[in-house]
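Survey of secondary and tertiary structure
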Amino acid sequence: HFDRLAVNLTDPSGLGSWQSAGQNVGGCVKNESLTFNLEFGPHTVSGVEFRIAETMSSPRRCRVQFSLDNALGPWQDAWNFIVSSPGARKVFKSSYDYAKNRTVFAAAVVEIFGSIERAWQALTANNTENLKKSSLGTFFQKLHHEIGRDRGNPAKRAAAARVLSMDHKVLFRELDTDNEGYV
């Protein structure tokens, strides 16, 4: 909040802080944010760590977002986390493994289709060289439909369940590492 700017957040002594603005709903501050502008090329933030000053002011539901444009947005979610039992700890850490979904997805589609070649054919139904976000969404819909009808191989059903538990939009962002709009 512009009235209460963050102070010394990158101070190695850990004495940095920010204060909540006076905007609260039902005694709780809502929608408070802290923005970092990372300069000199693309960066990946894979974790956050912060000290919890007091139990009553601790965050509960948090999300890490990013913008491809600038520090004012538009924002996209990277990951969410909940600070459970804030009074029991003085420091909170959260991290996200961007490669985990890619690895789980790749292993699951090979399990389902038997080979990387057949998996790629299923992912790119129009037999193109590239996978687009819309094609991945269509693949998720077809897989959901097919797995509902197929009562066969339990290993394939489990692999399909792993894939379908993912958010295809988040997965595509993780697959599209160079941000070109296709894989």
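Everything here concerns the structure above.
A brief report on the enclosed structure follows.

This next bit is on the overall build of the chain. The number of helices and strands found in the chain is 5 helices and 6 strands. In the chain, which comprises 183 residues, the share counted as buried stands at 23%. A separation of at least 24 residues holds for 52% of the contacts in the chain among residues at least 6 apart in sequence. When the accessible area of the chain is evaluated, it comes to approximately 13200 Å², of which 51% is carbon and sulfur surface.

Among the residues of helix H4 (residues 154-164), those classed as buried are Ala159, Ala160 and Val163. Along H4, the residues classed as buried sweep out an arc of 100° about the axis, all on the same side. By the N-cap criterion, in which a side-chain oxygen at the helix start approaches the backbone nitrogen of a residue two or three places on, H4 is capped by Asn153, the distance to Ala155 being 2.7 Å.

This paragraph deals with the packing of aromatic side chains. The tally for this structure, following the rule as stated, stands at 3 aromatic pairs. Consider the rings of Phe105 and Phe139, whose centres lie 6.4 Å apart with planes at 85°: the pair is edge-to-face. Of this pair, Phe105 sits in helix H1 (residues 98-113) while Phe139 sits in helix H3 (residues 133-149), and the two are 34 residues apart along the sequence. Judged by its relative accessible area of 5%, Phe105 falls in the buried class. Seen in terms of ring centroids, Phe139 and Phe140 are 6.3 Å apart; in terms of plane orientation they differ by 75°. Their pairing is edge-to-face. Within the aromatic cluster, the residues linked to one another by ring pairs are Phe105, Phe113, Phe139 and Phe140.

Let us now look at helix H5 (residues 168-175). Residues spaced three or four apart along an α-helix point in a common direction, a consequence of the helix completing one turn every 3.6 residues. Of all the positions in H5, only Val170, Leu171, Phe172, Glu174 and Leu175 are classed as buried. Looking at where H5 begins, the residue whose side-chain oxygen comes 2.8 Å from the main-chain nitrogen of Lys169 is Asp167.

Moving on to the side chain of Ser115. Assignment of secondary structure puts Ser115 in the loop between H1 and helix H2 (116-123). For Ser115, a relative accessible area of 18% corresponds to the buried category. At a separation of 3.1 Å, a polar atom in the side chain of Ser115 contacts the main-chain amide nitrogen of Arg118.

Looking now at the side chain of Glu174. Its place among the elements puts Glu174 in helix H5. Comment: no salt bridge for buried Glu174; closest opposite-charge side chain is Arg102, at 5.7 Å. Residues in contact with Glu174, not counting those within four places in the same chain, are Tyr96, Tyr98, Asn101 and Arg102.

Cut-offs applied
Each chain carries its own residue numbering, running from 1 in the direction its sequence is written. For a predicted model such as this one, the threshold for reporting local features is a pLDDT of at least 70, and the threshold for listing and counting side-chain atom pairs is 80 or more; totals across whole chains, interfaces and linings nevertheless cover every residue. Calculation of side-chain values draws on the structure's entire complement of heavy atoms; hydrogens and water are dropped beforehand. For helices the rule is a DSSP run of H or I covering at least 4 residues; for strands it is a run of E covering at least 2, with both sets numbered from the N terminus onward. Think of it in three bands: with a 1.4 Å probe and only protein chains considered, a residue is buried below 20% of the maximum accessible area for its type, exposed above 50%, and partly exposed in between. We call two residues contacting when some pair of their heavy atoms lies within 4.5 Å. Accessible areas in this description were obtained via Shrake-Rupley with a 1.4 Å probe; residue shielding takes into account the shown protein chains only. To be clear, the arc concerns the directions from the helix axis to the C-beta atoms. Polar contact criterion, stated in full: a pair of N or O atoms within 3.5 Å, where within protein one must be able to donate a hydrogen and the other to accept it, and residues adjacent in sequence count only if both atoms are side-chain atoms. Only the six-membered ring of Trp is used, alongside the rings of Phe and Tyr, when aromatic pairs are assigned; centres must lie within 6.5 Å, and planes under 30 degrees apart are stacked while those over 60 apart are edge-to-face, with the rest tilted. Lys and Arg are tallied as positive, Asp and Glu as negative. Neither His nor the chain termini are counted. Between Lys or Arg on one side and Asp or Glu on the other, a salt bridge is scored when a side-chain nitrogen of the former is within 4 Å of a carboxyl oxygen of the latter.

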